[in-house]
Each structure stands twice: as C-alpha cells, then as structure tokens.
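Examining the three-dimensional arrangement
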Amino acid sequence: MALEELEAQSSTTVSIFSSLNRTTLSLLFLSIVFVLIKLANKTDQPKIKGLPEVPGVPIFGNLLQLGEDHARVAGAWAKKYNWPVFQTRLGNRRIIFANTFESVKHFWITNQAALISRPTLYTFHSVVSTSQGFTIGTSPWDESCKRRRKVAATALNRPAVQSYMPHIDLESTVAIKDMYRDCKDGTVEIDPRKYFHRFALNTSLTLNYGVRIDGGIDEKLLREVVHVERVVSNFRSTSNNWQDYIPLLRLPFISRQNTSAAEYRARRDAYLQTFLDMLKERIANGTDNPCITGNILKDPEAKLNDAEIKSICLTMVSAGIDTVPGNLIMGIGYLASPEGQHIQQKAYKEIMKVYPNDGEAWEKCLVEEKVPYITALTKEILRYFTVIPICLPRTSIKDIEYNGTTIPAGSVFYMNAWAADYDETHFKDPGRFLPERYLDDQEGSGTPHYGYGAGSRMCVGSHLGNREIYTVFLRMLTAFEIVPAKDQKDWPILDAIECNSIPTALTTEPKPFKVAFKIRNKESLERWMRESDERTKHL
Ligand code: HEM
C-alpha cells in the first residue's frame, strides 16, 4: 500500500475516533449536566401528583421569584393562575401554599386533625434553639408538645384571662399615662411603638413569672428583650433564612447566620435566667405572685421536666411581644390617618351610647365586652394588619384529600394568611378598613379572619390578645382624639405589608411614625388614671 493511502486511512480512523470521542464526551457531559440538574432540583419530598406547581430554577426552586415578599408574590400567583393551592420548591424543600379563605378553611379547619404538626427548620431548630428547647409554636406534635400546649391553653382560657384583667388595667394605664405626659397637652407628636412593646412584654412577664419591668419605655432590660426577641423571631421566619432550604448555605465559611444566632441565643438565655431567678427568689421569700411558672414549680404533681418548663417560659415571653404590639401600633396608625378620623368619631359615639356616665367605660371594659363596634374594630385590625402574613408552618400527619388529589402525610403547608384575609371572594372590599364588616353580616360568623391562624394549632393566646386590643382601644378612644402628624413624612404607612420595617420578618414590626394625641378631657382622664392606680397598687 502506498504511503499516501496508509496516511489517508489512518487519518479517517483518527477522525472517526475523534468524532466518536466527541460524541461520547458530549453524551457524558450531557449526562453529568442532567444528573446535576436532577440533583439541584431534588426535593425532600417527591412532586405531588395532581397539585399545580410553579416552575422554578435549579438549586433555588422558587426562592428567587418569591423574593422578600412571599405573601404578596404567592397571592399574585394564586390569582394569575387561578390556583388557590399550589406546590412550590423552596431550595430542596417542597412546600404547599394555601392562598384563599376557603382553601385555608379546608386544610386548617376541616382537616385540622391531620394538620396538627409543625416542621423543623434548620436555623431556628438547630442553631438558635439548642439551649432552650423549642417554643410551643415551633414544636412538632408529640406527647411533650401536647402537655405544654395544655398548660398554656389552660392558663389562657376565657376565665383565666378574666382573672388577669387587673394587670391589663395596670399596663394600659401605664402606657396611656406615659403618652399623656409625653404628648405635653397634645403639643408634641409621638411615636407610639415603645409604649406598646412595654405593654405586651409586661403582660406576658406577669402571666408567666409574676414580675414586670418597672421604669420608662427606654429601660435597658426592656429594650434588650424587645430587640433580641425581634431578631430571634426573624430566625424563625419562613422567608428570611435561605439556609433552611439550601443545605449548601449551611457551610460554616458561607454562613454568617450561625455566629449571629449563637450570640442571640446567649443573650436570650441570660434574661430568661434573670426572670426565673427573680421568681425563684420571690417563691423562697414567700412574696411571689400567682403565675404560670410559679404554679408549675410549686406543684409536686407537675408532670413537666425542666426543658418543658423552659419551653413554656420562652413561649410566653416571645408570643405576646411578637404580635400584640404590631396590632396595637398599626391600629393607632390607622385611626390617626385622615381615613381613620370618622372611625374614631363613630367608635366614640358607640362607646358613649353604652357608657354615658363619666369614667364608666374605663372601668367596665375590664369586666365586660359590651361595645360591639370596638369588638368589630378589634377584629378588623387583626384582619387588615394580619401580623403573621405567612402563618407559622404546619406539617400533616395524615393524608389529606384536595380536589381529587391525595396530599401525602408529611407534607409541609404554609398558610398565606395575608392573601386569605384579603380574599375578595370572601370579604367585600378587602382592601378597605371597615370595622362595620364584622357588625352584623356573615363575614364575622365562623372564623372572622386568620390573624390567629386556625384549627388544631391555632393561637392559644387569642382570648388574651382580643381582651388586650379591646381594652387598649376603648381606653385610648375615650382618653384621646388621635390626629395625623403635621408633617406628612411622619405619617404611618397603612399597607399591611409595606408597613413592616423588615420585609422578610415573621411578624410585623411597624416602621416608625408619629401621631398627635388631643386630650378629650384632662380632668376626667387624670381621675380615671388615679382610680386605676388605686385599683392596681397591690400588683
Ligand atoms: C394579637 C395577638 C396575637 C396574634 C395575632 C397571634 C397570632 C398567632 C398565630 C398566627 C399563631 C399560629 C397559629 C396557627 O398555626 O394556626 C399563634 C400561635 C401561638 N400563639 Fe399567638 N398570637 C397573639 C398573641 C398571643 C399571646 C398573647 C400568647 C401567649 C401569651 C400567644 C401564644 C401562642 C402560642 C402558645 C401559639 C402556638 C400554638 C401551637 O403551636 O399549638 N399568642 N399565634
């Protein structure tokens, strides 16, 4: 064979081989890419057949699309695709969002026995909580959670809450007295936030430890607890912690959350210990006030271990402070707005109709709830400002049927409480603040709103929350006319999502604003406050 022929043959062979190699390499490359994409799209739970899914991207799933505002984005998807319920991928976790009033009712109320557990999330359950155990609201369902929830529910049922009203008398008077002093006869505009942080924290501390933080709204321990609880609450947020969903972000050299979580855990440990020591000292001296933890510590039959007692303490300290102030502050913000002026006039008229005699309203609100308009105002504040827009997450322990689809046990559910509370197929004009919707029509029957969640793990503090909000507004409205600040830049933002100073927070922490308080009748107000002081001086 001629040399040329040999060369030609070998070059053909090389080119066949090299094109074969290229094909193999390309195939190999494609297979690797395919496997990587598969891995990057893998979720803790397989896709649920028959339930719509919003397409996402590898690794992140739908996290990038949901951005900082899960409630509004998920609500918009529900409307755009006409899917009340859909599944999403948040990193490697499969999450079901329910976005309408009816769909939430189906899962949370009709199927409440199945939707009774809570998922664990990496940041809160592994990094923040190791020393103190979980709160009741973050505990998966088991015998211990059942015991702790029972203690809290008994301590917070209607008759128990009635017995705490002297403390609400004290704390609401202290808040109003300081606002009265600081507004200097209505000449100085004030930011109401800190007064109600103290109101909520002191109420919780009294119930749980029989102690309160005395001193002004800037008292150091008070500010420390408020700040730390706020940060810790954000570690629990379903939209704030991508490391909960993307395991890669948990690596120590990537995550700075871990150090910060550990620091806040230590600060939290410190004040919880302080409160417990204060209570133990009082028990030893025989000077303690009746309270939840005192009752447990003194009861030889109590079936709770130390970790469970700590969990109850943690729950009580955090639950009220995360939620009550948001409602009170934004309620005041709304009433102060130009739109809120006629609501105040109507509310005042309704209060006076029931309590025409001077000072009657201030005192009677402690023993009865007889002004329907204020009850309606309380519900509308809870709906309109839904302060936990994506409610505390749930895990199902049994299969649940939905529109012909079986959603398997072990699925994680997020209630888009904000979207459900603004669902126009349930509420007329949901974007308007209308206490009247709860006065005599069907919107108030059954579950009035999802501000307290719903079903088997609904808020156990709802009676207390309602009484606190009712009492504060009835008293504030008889004491003051709340008017807008002179400068519009000090006005509150009234949108329930936009008003939050941290968009990814679990609960609403209102952005700063100012209002002016015009005192209705100085002499009367001073007398009502003196009478409250007299009634509560033993506390
Ligand atoms: C206006 C005030 C309040 C609001 C808006 C509120 C809201 C909520 C919400 C949305 C949940 C989750 C419910 C669910 O998953 O369906 C919850 C749970 C809970 N809340 Fe409240 N809450 C308030 C006040 C309080 C207070 C004052 C306490 C106690 C002192 C309290 C104790 C609890 C507890 C223990 C849970 C957990 C229940 C469980 O997981 O079984 N809450 N709250």
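Report follows, based on the coordinates. Keep in mind the model is a prediction, meaning the values are calculated, not measured. (Residues numbered from 1 in each chain as written. Predicted model: local features only at pLDDT ≥ 70, side-chain atom pairs only at ≥ 80, totals over all residues. Heavy atoms only, no water.)

**Some points on the overall build of the chain**
Threshold: A run of H or I in DSSP becomes a helix once it reaches four residues, and a run of E becomes a strand once it reaches two; helices and strands are each numbered from the N terminus. Partly exposed describes any residue whose relative accessible area lies between the buried limit of under 20% and the exposed limit of over 50%, with all areas from a 1.4 Å probe on protein chains only and scaled to the type maximum. Any two residues having at least one pair of non-hydrogen atoms within 4.5 Å are treated as being in contact.
For the chain, the count of helices and strands is 19 helices and eight strands. Counting only C-alpha atoms, the chain reaches 125 × 55 × 45 Å along its principal axes. The 539 residues of the chain split such that 53% are buried. Contacts in the chain between residues far apart in sequence, at least 24 positions, make up 74% of those at least 6 positions apart.

**Some thoughts on the nonpolar core**
Let me state the cut-off plainly: What is meant by a nonpolar core is a set of buried Ala, Val, Leu, Ile, Met, Phe, Trp, Tyr and Cys residues, joined one to another through side-chain atoms within 4.5 Å.
One finds Phe196, Tyr209, Met476, Phe480 and Leu525 to be the most contacted residues of the largest nonpolar core, which totals 123 residues. At 15 residues, the largest contribution of residues to this core is made by helix 13 (residues 306-336). Listed in part, the 24 residues of the second largest apolar core include Val104, Ala114, Ala376 and Ile407.

**With respect to unusual backbone geometry**
Phi is positive for Asn82, close to 55°, though the residue is something other than glycine. For Asn82, the location among the structural elements is in the loop between helix 3 (70-81) and strand 1 (85-90). On the basis of relative accessible area, Asn82 is assigned to the exposed category, the value being 64%. A positive phi angle, near 55°, is found at Asp185, a position not held by glycine. Of note, Asp185 is situated in the loop between helix 8 (165-182) and helix 9 (193-209).

**Some thoughts on the coordination of the iron atom of the ligand**
To be explicit about the condition: Sodium, potassium and calcium take a 3.2 Å donor cutoff, other metals 2.8 Å, and in both cases only N, O and S atoms count; water is not among them, so sites may look incomplete.
When only protein atoms are considered, the iron atom of the ligand has one donor, Cys459 (SG), at a distance of 2.3 Å. With respect to the element layout, Cys459 can be found in the loop between helix 17 (417-421) and helix 18 (462-479).

**Describing the site of the ligand**
Rule in force here: Proximity criterion: a residue is near a molecule or strand once any of its heavy atoms comes within 4 Å of it. Residues adjacent in sequence count toward polar contacts only when both atoms are side-chain atoms; beyond that, a polar contact is any pair of N or O atoms within 3.5 Å, and within protein one must be able to donate a hydrogen and the other to accept it.
Close to the ligand lie 29 residues; Arg118, Arg149, Arg394, Arg457 and Cys459 are nearest. At a separation of 2.5 Å, an oxygen atom of the ligand approaches a polar side-chain atom of Arg149. Separating an oxygen atom of the ligand from a side-chain N or O atom of Arg394 is a distance of 2.7 Å. Within the residue set of the shell around the ligand, elements represented by two or more residues are helix 13 and helix 18. For the shell around the ligand, the element with the highest residue contribution is helix 13, accounting for seven residues.

**Describing the packing of aromatic side chains**
To be explicit about the condition: Stacked, edge-to-face and tilted labels apply to pairs of Phe, Tyr and Trp rings (six-membered ring for Trp) whose centres lie within 6.5 Å, assigned for plane angles under 30 degrees, over 60, and everything in between, in that order. In this scheme, the term charge over a ring applies when either NZ of a lysine or CZ of an arginine sits within 6 Å of the ring centre and within 35 degrees of the ring normal.
Tallying each qualifying case throughout the model produces 23 aromatic pairs. On the basis of an interplanar angle of 20° and a centroid distance of 4.1 Å, the ring pair of Tyr334 and Phe433 is categorised as stacked. Residue Tyr334 is located in helix 13, and its partner Phe433 is located in the loop between helix 17 and helix 18; the two are separated by 99 residues in the primary sequence. Among the residues examined, Phe433 registers a relative accessible area of 5% and is labelled buried. Among the aromatic residues, those joined into a cluster by ring pairs are Trp77, Tyr81, Trp83, Phe86, Phe97 and Tyr414. Residue placement shows Arg383 over the ring face of Tyr422; its charged tip is 5.3 Å from the ring centre. The ring of Phe427 has Arg383 lying over it, and the distance from NZ or CZ to the ring centre is 5.2 Å.

**Points about the side chain of Ser456**
With respect to the helices, strands and loops of the structure, Ser456 is situated in the loop between helix 17 and helix 18. Polar contacts involving the side chain of Ser456 include one to the main-chain carbonyl oxygen of Gln112, which spans 2.8 Å. For Ser456, the residues in contact, after removing those within four places along its chain, are Trp108, Gln112, Leu115, Ile116, Arg149 and Arg394.

**As for the sheet that holds strand 2 (residues 93-98)**
For clarity, the cut-off: We treat two strands as partners when DSSP finds at least two bridges between them. Here the axes come from fitting lines to C-alpha atoms, over the contacting stretch only for helices, and the angles between their N-to-C directions go from 0 to 180 degrees.
With mixed pairing, four strands are arranged side by side in an open sheet as 1-2-6-3. In this open sheet, the two strands that pair with only one neighbour each are strand 1 and strand 3 (394-395). The sheet contact formed by strand 3 and strand 6 (residues 412-415) spans two bridges and is antiparallel. Looking at strand 6, one finds that Thr395 is bridged to Val412. Strands in contact with helix 4 (residues 101-110) are strand 1, strand 2, strand 3 and strand 6; relative to strand 6, the strand with the most contacts, it is inclined by about 135°.

**Topic: the environment of Lys105**
With respect to the helices and strands, the residue Lys105 is situated in helix 4. Sequence-wise, Lys105 and Ala454 are 349 residues apart; in three dimensions their C-alpha atoms are separated by 8.0 Å. Excluding anything up to four places from it in sequence, Lys105 contacts Thr110 and Tyr450.

**Topic: the packing of helix 6 (residues 143-155) against helix 13**
The condition that has to hold: Here the word oblique covers every angle except those under 35 degrees (roughly parallel), over 145 (roughly antiparallel) and from 65 to 115 (roughly perpendicular). Working rule for handedness: look at the near helix, and if it is turned counterclockwise from the far one by less than a right angle, call the crossing left-handed; if clockwise, right-handed. All residues other than Ala, Val, Leu, Ile, Met, Phe, Trp, Tyr, Cys, Pro, Asp, Glu, Lys and Arg, Gly among them, are scored as polar; the first ten of these are nonpolar and the last four charged.
Here helix 6 crosses helix 13 at 50°, and the two axes come no closer than 10 Å. The pairing of helix 6 with helix 13 is recorded here as oblique in orientation. The way helix 6 lies across helix 13 gives a crossing that is right-handed. Contacts between helix 6 and helix 13 involve Ser144, Arg147, Arg148, Val151 and Ala152 on the former and, on the latter, Glu308, Ser311, Ile312 and Met316. When grouped by side-chain class, the residues that make up the contact of helix 6 with helix 13 number four nonpolar, two polar and three charged.

**Structural notes on helix 8**
To keep things clear, this is the line we draw: One less than the number of residues in a helix, times 1.5 Å, gives the span that helix is expected to have.
Helix length check: helix 8, at 18 residues, gives a terminal C-alpha distance of 25 Å against a target of 26 Å (1.5 Å per residue), a fit within 8%. In terms of burial, helix 8 is largely enclosed, as 15 of its 18 residues are buried. Note on helix 8: the residue one or two positions beyond its end, Lys184, has a positive phi of about 40°.

**Quick word on helix 3**
Counted only if it meets this: In this description, one arc is meant: the one made by directions from the helix axis to the C-beta atoms.
Between its terminal C-alpha atoms helix 3 stretches 16 Å, which fits the 16 Å expected from twelve residues at 1.5 Å a residue. Every buried residue of helix 3 is listed here: His70, Ala71, Ala74, Gly75, Trp77 and Ala78. All buried residues of helix 3 fall inside an arc of 155° around its axis, so they share one side. Exposed residues lying more than 90 degrees from the buried face of helix 3 are Lys79 and Lys80. Along its buried surface, helix 3 packs onto helix 2 (63-66), strand 1, strand 2 and helix 17. Positive backbone phi, at 55°, marks Asn82, one or two positions downstream of helix 3.

Bear in mind that shape data such as this cannot, by itself, settle questions of function.
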